[in-house]
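Geometric and topological summary
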Amino acid sequence: MDLTVMMKMRKRTTTSPARGSGHGGGDAARIGVARRLGIVGGGGDVVKMFVGLVMVFCVLVAASFVYRDVRDARGGGSRFAAEATRVLESKSSKMLFSSSESMSLINDSSKPVEFPKDNLLGGLLTPGFDEGSCFSRYQSFLYRRNSLYKPSLYLLSRLRKYEELHQRCGPHTRSYTEALRQLKSGGNASPSDCNYIVWISFSGLGNRILTLASAFLYALLTNRVLLVDPGTDMTDLFCEPFPNASWFLPDDFPLKDQFKGFDQKSRQCHGYMLKNNLLNASGEAVPSYMYLHLVHDYNEHDKLFFCEQEQDLLAKIPWLILKTDNYFVPSLFLILSFKQELSSLFPEKVALFHHLGRYLFHPANQVWGLITRFYDAYLAKADERIGIQVRVFETGDGPFPHVKDQILSCLLREKLLPKINRQESFPIPSSENHKTIAVLTTSLVSGYYEMLRELYWEHPTVTGDIVAIYQPSHEGFQQSEKKMHNRKAWAEMYLLSLTDTLVTSAWSTFGYVAQGLGGLKPWILHKTENKTTPDPPCVRAMSMEPCFHAPPFWDCKAKKGIDTGILVPHVRHCEDMSWGLKLIKGEVYASVPSARWICICRIEEICAATRKSQHCAKHLQEAICSKKVGNRTRQKIGFVLIMGRSLPLERRIDSLSFRFWRFQSDEGLICFGEKESMMYSWFTAKSLPLATDDWVNFPRCADRSTIHVNKHGGIRSEAVKY
């Protein structure tokens, strides 16, 4: 029985009570009675409202029965049970009908009562695909809750337009054949209705997924058709994402045999041509294709790809051949000509990969089988699912004791797992009100999984919760050239994305993919050094977006080096890689009204309240900031500063591990610092401009010093004796 028939059967079951249950003949019977009594169609507004409320009550009663059945069925691993659970957990506004909607149901008895479903992922997907060719496309919603992030209408519109472009210009079309003829001729480029970017399959699977999403975004921004080099296993791992057209590059593509040989020294390499002045300055005569080398080892000429003037040149070239192992999306936000389009496509910038990843990457049927069988067997029955992704970048054979300590410390410190009780006589609590927690671990070795499994098997939890630990595979080492290895890797990334809470490892693209697909803001295990456990062991990510590991640090206009992590509010340095870039929300740094204050809250332990008075400038007030972190609310000292209207970011102090910005406005200059352990809140208050000699003071209790910033941008640091 196919998915469509099963969904229709489920719809009929949900919309009316069982006929043998003694509840009557369902909505149609109740509407018929109402009509015979003259209530529908001829009654007053009050009577209609009453009937509407009765209908709402009936719907909610039916929902309660479905919910009860779903809870009972979850033990059987039913996908449809999981789907109904997610439906009932969706927003109440989607479940309840307004009075007008209720009367509409009464006046049209042919309309069945439907619970909202999101099998098209908020409009990202389109109906019409052959379901049997890719089960995951229309079944994935059964395994995860509806996303908290909704794609913009503009993004949906652009995706539909891209699909039309791909159908018109994709492989085996007349336009593709004509573009191929021009490429084979070897002459200069001529105007064409269809331009292309060809993605070369390169690096590990996590990198490939991230770079393919980057290439697709670039194709959207430049109105190009994305063609994918299948490599050795891409067709084995992923379904086709676009309707009625393939995204895979045909085997007879004329440049395909050169893909492995393309590098920085290739004569058609963009950076090489710039370095050797091989490009026409006027841009009148450009080659028919160009190779873009955006691999981690790229040089300063290759990085000019991210400059505005180079984008103008590249727009004239019909074929771009791209090789990269970087998620270069953050630097696209620094290209002025893309700024408005990106803002329209992604009002919530932190959901960029979340949307594109769910649109593009659907596990092939073989991989989908690995995912669903494991999920139904081990994760479906749990009340809570936690994912732990462990990747260690150290020499030697693992598992490493300091990494074991780090994982456990993070889980317990952040209260992701309950503590254990090592007392032998510890009483076994009643299990009635306690939950079952399924922990999915992924690692190349089994030692970290075994450590957790033995710990929670040998000792009870203090809460009485049951913790079960699972690991699908432990391959020993990365084997990117093997199909089954990559199938398992893709399945495990996807399984991690289905969890409720996620812990990932620093620098790992494997974890980046999982957090992005799942819409999860993970806890990141710090990269260990000198075989010691970091303190703190992990940090909460600023966003679910992946990190760009090798961004350029170049001001294209000024032609000098610059920190690209401080140029715009929504692009910041990564938590796990200090030189990397990632997208964050950025509202804190967005356009700011003048009559406001900034309150800086230190999440870590800072100075005692009794000390704060000696750190205030004459015209400044103090505030206590509270910020909810996880399940706890911590209150720390904050320092209220005056703010201006504009946001130029001008100054950075590396030596003190603090970053400073100043805002110049008519009301004076203010500065504030940012650190990983800080959170920010807004407070409305009267604006108080700084006097000439006033200093804003930032206490740094860790090393007993204070950093001072004055109106004129002067910065000094001095030791403070308490």
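Structure first, text after, so check above.
Described below are features of the structure shown in this document. Here the structure is a predicted model, which is why all the values come from computation and not from measurement. (Residues numbered from 1 in each chain as written. Predicted model: local features only at pLDDT ≥ 70, side-chain atom pairs only at ≥ 80, totals over all residues. Heavy atoms only, no water.)

So, on to the overall build of the protein chain. A tally of helices and strands in the protein chain yields 21 helices and 23 strands. Burial statistics for the protein chain: of 722 residues in total, 53% are counted as buried. Sequence separation of at least 24 residues holds for 71% of the intrachain contacts in the protein chain that already meet a minimum separation of 6. Accessible area for the protein chain stands at about 33600 Å²; split by element, carbon and sulfur atoms hold 52% of it. (Helix = DSSP H or I, 4+ residues; strand = E, 2+ residues; numbered from the N terminus. Buried < 20%, exposed > 50% of the residue type's maximum accessible area, 1.4 Å probe, protein only. Contact = heavy atoms within 4.5 Å. Areas by Shrake-Rupley, 256 points an atom, 1.4 Å probe, with all protein chains shown as cover.)

As a further point, take the sheet that holds strand S10 (residues 538–540). Read from one edge of the open sheet, six strands run S7-S6-S5-S8-S9-S10, paired in mixed fashion. Here the strands that pair on one side only, and so sit at the sheet edges, are strand S7 (466–470) and S10. Here the average twist between neighbouring strands, direction ignored, is 20 degrees. For strand S5 (residues 384–389) and strand S6 (residues 436–442), the ladder comprises six bridges, and the chain directions are parallel. (Pairing = 2+ DSSP bridges. Axes fitted to C-alpha atoms, helices over the stretch in contact; angles between N-to-C directions.)

Another point: the layout of surface pockets. Roughly 700 Å³ of internal volume is contained in the second largest pocket. Together, 36 residues line the second largest pocket, and Asn207, Arg391, Gln478, Thr509 and Phe510 are the ones closest to its centre. Elements represented by at least two residues in the lining of the second largest pocket include exactly helix H10 (205–222), helix H20 (483–497) and helix H21 (509–518). If one sorts the elements of the lining of the second largest pocket by residue count, H20 sits on top with six residues. Class assignment of the residues belonging to the lining of the second largest pocket gives a composition of 14 nonpolar, 17 polar and five charged. (1 Å grid on protein atoms, 1.4 Å probe; cavity = no way out; pocket = protein on both sides within 12 Å on 5 of 7 lines; lining within 4 Å. Points joined across faces, edges and corners; volume = space filled by probe spheres on them. Nonpolar A, V, L, I, M, F, W, Y, C, P; charged D, E, K, R; others polar.)

In this structure the tally under the stated criterion is twelve salt bridges. Linking Glu163 and Arg160 is a salt bridge whose minimum nitrogen-to-oxygen distance equals 3.0 Å. Highlighted residues: Glu163 and Arg160, both in helix H8 (residues 153–169), separated by three residues, approximately one helical turn. With relative accessibility at 6%, the residue Glu163 sits in the buried group. On the accessibility criterion, Arg160 (22% relative accessible area) is partly exposed. (Salt bridge = Lys/Arg side-chain N within 4 Å of Asp/Glu carboxyl O.)

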